[in-house]
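What the coordinates show
In case you want the letters, here they are:
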2 protein chains.
Amino acid sequence: MNDIQVMNRAADNIRILAASMVEKAKSGHPGGAMGGADFVNVLFSEFLVYDPENPAWEGRDRFFLDPGHMSPMLYAVLALSGKFTLDELQRFRQWGSPTPGHPEVNVARGIENTSGPLGQGHAYAVGAAIAAKFLEARLGREVMGQTIYAFISDGGIQEEISQGAGRVAGTLGLDNLIMFYDANNVQLSTTVEEVTSENVAMKYEAWGWKVITIDGNDADQIRRALREAKAETERPTLIIGRTVMGKGARTADGQSFENKVSTHGQPLSAAGVSIERTIRGLGGDPAEPFAIFPEVAELYARRREELKGIMAERRAAKEAWAKANPEKAEKMARWFAGELPAIDWAAIEQKANQPTRGASATVLGVLASRVENMICASADLSNSDKTDGFLKKTHAFRKGDFSGAFFQAGVAELTMACVCIGMALHGGVVAACGTFFVFSDYMKPALRMAALMQLPVKFIWTHDAFRVGEDGPTHEPVEQEAQVRLLEKLKNHAGRDSMRVLRPADSAETTVAWKLAMENRETPTALILSRQNVNDLPAQGNRYEEALGAEKGAYILNEDAQPDVVLVASGSEVSTLVDGAALLRAEGVKVRIVSAPSEGLFKSQSADYQAAVLPAGVPTFGLTAGLPVTLEGLVNTHDGKGRVWGLGSFGYSAPYKVLDEKLGFTGQNVYQQVKTLLGK
Amino acid sequence: MNDIQVMNRAADNIRILAASMVEKAKSGHPGGAMGGADFVNVLFSEFLVYDPENPAWEGRDRFFLDPGHMSPMLYAVLALSGKFTLDELQRFRQWGSPTPGHPEVNVARGIENTSGPLGQGHAYAVGAAIAAKFLEARLGREVMGQTIYAFISDGGIQEEISQGAGRVAGTLGLDNLIMFYDANNVQLSTTVEEVTSENVAMKYEAWGWKVITIDGNDADQIRRALREAKAETERPTLIIGRTVMGKGARTADGQSFENKVSTHGQPLSAAGVSIERTIRGLGGDPAEPFAIFPEVAELYARRREELKGIMAERRAAKEAWAKANPEKAEKMARWFAGELPAIDWAAIEQKANQPTRGASATVLGVLASRVENMICASADLSNSDKTDGFLKKTHAFRKGDFSGAFFQAGVAELTMACVCIGMALHGGVVAACGTFFVFSDYMKPALRMAALMQLPVKFIWTHDAFRVGEDGPTHEPVEQEAQVRLLEKLKNHAGRDSMRVLRPADSAETTVAWKLAMENRETPTALILSRQNVNDLPAQGNRYEEALGAEKGAYILNEDAQPDVVLVASGSEVSTLVDGAALLRAEGVKVRIVSAPSEGLFKSQSADYQAAVLPAGVPTFGLTAGLPVTLEGLVNTHDGKGRVWGLGSFGYSAPYKVLDEKLGFTGQNVYQQVKTLLGK
């Protein structure tokens, strides 16, 4: 058997495994997996560099799958590579198996990202390629010369985010990014040409990519394209591979059943294919489809040996590098371990009564200096979301220059979020990104994935309420806080709140919120910040020390003995409560004020602590610039003793102090509402 | 003064008005407005065809502004056109004024769409252009020959949705769409070249657009480009106009202050511009900036006269057409009045125990036949979200053929939503679109805008819970129902729930839900539907008649006298309650079962009705496949008498019946949980 025959045999092996997995699970997507098999076979058997003995090796090439429904193809090639057993392939899509319907990130198994929602995966690859460039600029090519591979399908190419990913990769000249576009002209419900006539190659060229078009089922063409792409030093490369959907599928009478929409999303047999004829045609044994052909096993065994040789060289090179660069080596170890340098949070000085976005900028300035592996991004709002606090200490990425640490993402919120996710998946860096809170809507699909993958990306959202003012309802978040806190209520598969959401009440709490965000390496963290000035909250002693109460999610800011009423809020509404409390106290009402930056964190405290802060039975008044439901997890509004004043409608365009008056967000209205609640 | 001098004078007039509005409001975006003034002036004074006496005229050309922050430009040119007074311009961004910070749809004032979140506006224009083609195919060019204009900025071009809008418009050959790209190379926080090196012209050509590049501050070039675009009969046209940010801005010493990032988002004076020198340089009187120059007033008066002449012709042509086509004329009147043909909902036959998505398909088949002006779309899932129930009765749009009524949107959920919004804004059509419920995340930014604009788009979301099964957590909605119901809790500016959200419990309720959706012409409606089979709910009499209880948002499905417990759910969980109730009743527990497809609709019923269905004090058990909080507006979980069983974490990949068992969504678990609740 010559080289190409072996390669085709291996691709056929992947096709058989993929089709058989779907067949056995009675569920899944065989057609695409069969078409893409040749590419992943060439990639994994000849190009992808990884350490068979240390899957988490920082210098590994990374493969990001965008179309998660093509998981059978990925599991199959990873089985050839020794990462999955044939038994595990047979438990595809079953409870508790390591082979779920869409791949879930598992570096030990060779799975770099969770995928499923199309388009996101290749944007993660762009993020990983940026992280690799960033780290290369700091540590050197000797240890950070990895290539980032991405695999995208017709569906992913159509997703809107391809605009952001394509633009960013081209603009930044990510020559370490190679993307294979599996162009099989079939999507879930139609052929591709029924929904698009776009010239994909021309579009990517317009974005500044190198484009190579090949027969994506031809091992030699794939190999040559990959070599050419690896040699490219200016641009990312798109390899457009024309492939055959359901390659090898046959009916019972031996007719081809290729290029059919019906093989996209169901077992081949359900589409009218003879699985027996198909497997036989592909050179397998229908009675024992879950098998690896001897010559294919040999191909991958040979690759394993090659990789051992490559790794020996790489390890030697790294050792030499570490000897010559002990400081860098030490940094690299810390960065990839996710260690944070010591930060004297208490020493961070904040201006009085500033917007919390301003307080965030102060902290970001400190982080830019102290956390050398931190990258901050903004979707064209750095001077408004105040990520410029970070930017002022560094400069933005440019093609050929990744010595800076700021990513100007352009007006592309979802792309920015996915790029930051990709950076986190790559490892070695801390990623944060900012925009207006109302635009968190655009990021929701990515937030969900960051939450599911348990990635510690920091999301900075400013202009947190109707106090955006003149910009009007399109820019005024109302339902967004309740919306993002749904992810705080949703547990991840490790049993933790899938996202930490913090809305600090003043500058000191903002410092504490950033402390929590940086210390949280287990889930994403959101920081929700004000546009407008916020009065510093009153302190009995040191305000920062007292603001550390935020670490419990909610805490008593101050109180009178045996309070008649508890007032609770988050963000800038806490200072409005302080104003209202002064009016109430002037009349002898005994008040407790609670600041509650994180409902999720509070609910994770002991029942005793929760009851001590928000006791049942005591009248409780909540104030939120969001929908009233935002606080209904903390205030019992069912029993007549609890009341929430919130914003029940879209906002309006007017100066925010006018809106405060019109909408009842004043100390005076707090006073009146509480009087009513107390029946006075 | 020659023609071009007058045109420049008019553009300068717009510049002065725009800058002065921002100056007076002390807030806003003057720079872009000053650069784009020449284009809108040429468009409004020479090209845009509308009826000065009937702003809602169906045949009008429509102008969609994408960058809402350029509102001063729009208000200014509309003031020249007689749609706003100078006094109204002076109340820019103030409480209660008709000139909010970002434009809010107001056809009487010439504002076709609410804008602000970049990118959406031009996608609405694509939708309007499709609606115009659809109506032209049915009614004729005599009455539906309008041109759709869009105006986009550097920021909008960067938004991911430009990929979807560009592809769709090119693929469908929307030659009735002309978009001006105001390329001033400045965005909010940087110059454009700092964040993108893409070749915009080449990209749009790749999408199949005609592209014309001009000096966007040159009236004659604009005019010629518009003529060329109007003559195009195959493709949409992009006019790339290179413009000058802050055109005419000067410092106190007379230096140019053009092309500055700092004039993007604040009053010119705050950026360091002398407003006095600038206005003088533009030929205005700084002491009286809110003025219309006599020659400009004359230009627009002349245009008004021209339009009267054009309208006289158009009206005559329409009358002749109506005489020749009385049936079409009658249809056209009905369609634009938003009238629905009579539909015998009760007569719609549903298969027993089918998925609610299947029941939806049945209704869609009826609607496809009965509602001739309805358009249905799917984001590449028509055979899965069962919008193919509609598709089977028609065919998809194709370039040059809009005789069908189905829009294959491709894998582009946000684009699809915005295109449907654009159809609704155009008027004359009913728009619906489908995808998986988990992907409603991608549509959230558009849902919010549809809700704000009070547009009756129908959103069809299937695969509504973890019962997606094998596809796993990326495809299993958990927090989505609670999320979209936030829009049901949020009021629009008319005081109504900004969205109607319906999750029907069986086939009969699905028919009723569609009835409600079609009858709701005041807000968007969401239908949340199951993938899996759902047992028809038991009926005392006629199930459809009883399912009409859904019109009250929640209703008693059946009950024992003086129930010990109330069971409440929506969607397929109701039938699980029925199973649990059987077990409870077998032991003598008296049960009431409540189906609650819409919390919002229920909360809008009388307090008496609400108390009659869900009485306080009676133990209540809620079951939801979403987060428990999904039902906490209906079940009081604070007092120990209410309990919700929901899904607190991301889902898992496994057959859905396995998940039902593992996650506790069985009659048996309902029985056990209720026993625990009742302390038995």
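Here we summarise the structure given alongside this text. Since this is a predicted model, take the numbers as computed values, not measurements.

Attention now moves to the overall build of chain A. Across its full length, chain A holds 25 helices and 16 strands. Judged by the C-alpha coordinates and their principal axes, chain A covers about 95 × 60 × 45 Å. The buried share of chain A, reckoned over its 680 residues, is 68%. In chain A, 77% of the contacts between residues at least 6 apart in sequence involve partners at least 24 apart. When the accessible surface of chain A is totalled, it reaches about 20,800 Å², and 48% of it is carbon and sulfur.

A separate point is the sheet that holds strand β11 (residues 525-528) of chain B. All names here are of chain B. Pairing is parallel across the open sheet formed by six strands, whose spatial order is β7-β6-β8-β9-β11-β10. This sheet does not close on itself; its edge strands, each paired only once, are β7 (406-408) and β10 (500-502). Taking the axes of each pair of neighbouring strands and ignoring which way they run, one obtains an average angle of 20° across the sheet. As paired elements, strand β9 (residues 458-462) and β11 share four bridges and run parallel to each other. Bridge pairing links Lys-458 to Thr-525 in β11.

To continue, consider the packing of aromatic side chains. All names here are of chain B. As enumerated under the stated definition, the model contains 36 aromatic pairs over all chains in all. Ring geometry for Phe-63 versus Phe-151: centroids 6.4 Å apart, planes at 75°, classification edge-to-face. Placement of Phe-63 in strand β1 (residues 62-65) and of Phe-151 in strand β2 (residues 148-153) is noted, with a sequence separation of 88 residues between them. Classification of Phe-151 as buried rests on a relative accessible area of 0%. Between Tyr-204 and Trp-207 the ring centres are 4.9 Å apart and the planes differ by 90°, which places this aromatic pair in the edge-to-face class.

Residues and elements named next belong to chain A. The backbone of Lys-26 sits at a positive phi, close to 60°, despite the residue not being glycine. Judged by its relative accessible area of 68%, Lys-26 falls in the exposed class. A positive phi is found at Asn-259, a non-glycine position, where the angle reads about 60°.

With that settled, consider the sheet that holds strand β13 (residues 565-569) of chain A. All names here are of chain A. Here five strands make up an open sheet; going across it, the order is β12-β14-β13-β15-β16 and the pairing mixed. Edge strands, defined here as strands with exactly one partner in the open sheet, are β12 (555-559) and β16 (642-645). Sheet twist, expressed as the mean angle between neighbouring strand axes with direction ignored, is 20°. Note: β12 against strand β14 (residues 591-595), four bridges, orientation antiparallel. Its bridge partner being in β14, Glu-559 is matched across the sheet by Arg-592. Across the sheet, helix α25 (residues 667-677) touches β13, β15 (620-623) and β16, and the angle it forms with β15 is around 150°.

Here the focus is the relation of the copies chain B and chain A. Each copy superposes on the other: chain B lies on chain A with an RMSD of 0.0 Å after a rotation of 180° and an axial shift of 0.0 Å. Accordingly, the operation relating the two chain copies is best matched by a two-fold axis. Looking at the interface residues of chain B, 100% of them are also at the interface in chain A, so both copies use one shared face.

Every contact between the two is made by 102 residues of chain B and, on the other side, 102 residues of chain A. When the two sides are added together, the surface that chain B and chain A hide from each other amounts to roughly 8,500 Å², 59% of it contributed by carbon and sulfur. Taken as a group, Trp-95, Glu-160 and Phe-650 of chain B account for 10% of the area that chain B buries against chain A, more than any other trio of residues on that side. In this structure, the connection of chain B to chain A is made through eight salt bridges. A salt bridge links Lys-444 of chain B to Asp-441 of chain A; the nearest nitrogen and oxygen atoms lie 3.1 Å apart. Counting across the interface, chain B meets chain A through 60 residue pairs in polar contact (both at pLDDT 80 or more).

A few words now on the nonpolar core. Among the nonpolar cores identified, the biggest contains 330 residues, and Trp-514 of chain A together with Trp-514 of chain B are the most heavily contacted of them. Residue contacts for Trp-514 of chain B: discarding those within four places in its chain leaves Trp-345, Ser-360, Val-363, Leu-364, Leu-367, Met-374, Ala-432, Lys-458, Ile-460 and Leu-527 of chain B.

What follows covers helix α17 (residues 440-453) of chain A. Because an α-helix packs 3.6 residues into every turn, residues spaced three or four apart end up facing the same way. Residue and element names in this part refer to chain A. When the terminal C-alpha atoms of α17 are compared, their 18 Å separation across 14 residues agrees well with the 20 Å that a helix rising 1.5 Å per residue should span. The largest bend in α17 amounts to roughly 40° and is located at Ala-446. Trailing α17 by a residue or two, Gln-454 shows a phi angle of about 60°, which is positive.

With that settled, the discussion passes to the pattern of salt bridges. Residues and elements named next belong to chain A. A complete count under the given rule lists 102 salt bridges over all chains for this structure. Among the ionic pairs, Arg-15 bridges to Asp-38, the shortest N-O distance being 2.8 Å. Placement of Arg-15 in helix α1 (residues 3-25) and of Asp-38 in helix α2 (residues 30-47) is noted, with a sequence separation of 23 residues between them. Residue Arg-15 shares its accessibility class with Asp-38, and that shared class is buried.

Attention now moves to the side chain of Asp-441 of chain B. Among the secondary structure elements, Asp-441 of chain B is positioned in helix α17 (residues 440-453). Here Lys-444 of chain A takes part through its side chain, which lies 3.1 Å from a polar atom of the side chain of Asp-441 of chain B. In contact with Asp-441 of chain B, other than residues within four places in its own chain, are Asp-441, Lys-444, Pro-445 and Arg-448 of chain A together with Glu-479, Gln-480 and Gln-483 of chain B.

This paragraph deals with the environment of Ile-111 of chain A. Residues and elements named next belong to chain A. Mapped onto the elements of the fold, Ile-111 is located in the loop between α4 (86-90) and α5 (120-139). C-alpha of Ile-111 to C-alpha of Gly-254: the two residues are 143 residues apart in sequence and 36 Å apart in space. With residues up to four places along the chain from it excluded, the contact list for Ile-111 reads Leu-74, Tyr-75, Leu-78, Phe-84, Pro-103, Glu-104, Val-105 and Asn-106.

Turning our attention to the pairing of strand β13 (residues 565-569) of chain B. Residues and elements named next belong to chain B. For β13, the buried fraction is high: five of the five residues fall into the buried class. Across five bridges, the pairing between β13 and strand β14 (residues 591-595) is parallel. Bridge pairing in β14 links Leu-567 to Ile-593. Handedness of the crossover is the feature at issue here: the chain leaves β13, passes through helix α21 (residues 573-586), returns alongside β14, and the resulting connection is right-handed. Here β13 pairs with strand β15 (residues 620-623) via four bridges, running parallel. Counted as the bridge partner of Val-566 is Thr-620 from β15.

Before going further, it helps to examine the pairing of strand β8 (residues 430-436) of chain B. The side chains of a regular strand alternate between the sheet's two faces. Residue and element names in this part refer to chain B. Counted residue by residue, β8 has seven buried out of seven residues, so it is predominantly covered. Here strand β6 (residues 374-378) runs beside β8; their pairing, made up of five bridges, is parallel. Within the sheet, the bridge partner assigned to Ala-377 lies in β8 and is Cys-433. Bridging between β8 and β9 involves five bridges; their strand directions are parallel. The residue bridging Gly-434 from the neighbouring strand is Ile-460, located in β9. In this fold, β8 hands off to α17, which returns the chain to β9; that crossover is right-handed.

Each value, and the rule that gives it
- Residues numbered from 1 in each chain as written.
- Chains lettered and ligands numbered in written order.
- Predicted model: local features only at pLDDT ≥ 70, side-chain atom pairs only at ≥ 80, totals over all residues.
- Heavy atoms only, no water.
- Helix = DSSP H or I, 4+ residues; strand = E, 2+ residues; numbered from the N terminus.
- Buried < 20%, exposed > 50% of the residue type's maximum accessible area, 1.4 Å probe, protein only.
- Contact = heavy atoms within 4.5 Å.
- Areas by Shrake-Rupley, 256 points an atom, 1.4 Å probe, with all protein chains shown as cover.
- Pairing = 2+ DSSP bridges.
- Axes fitted to C-alpha atoms, helices over the stretch in contact; angles between N-to-C directions.
- Phe/Tyr/Trp six-rings, centres within 6.5 Å; stacked < 30°, edge-to-face > 60°.
- Least-squares fit on C-alpha atoms with pLDDT ≥ 70 in both.
- Buried area = accessible area lost by both parts, 1.4 Å probe.
- Salt bridge = Lys/Arg side-chain N within 4 Å of Asp/Glu carboxyl O.
- Polar contact = N/O pair within 3.5 Å; in protein donor to acceptor, adjacent residues only side chain to side chain.
- Core = buried A, V, L, I, M, F, W, Y, C linked by side-chain atoms within 4.5 Å.
- Expected span 1.5 Å × (residues − 1).
- Bend = angle between axes of the 7 residues up to and from the residue.
- Right-handed = clockwise from strand over helix to strand, strands pointing away.

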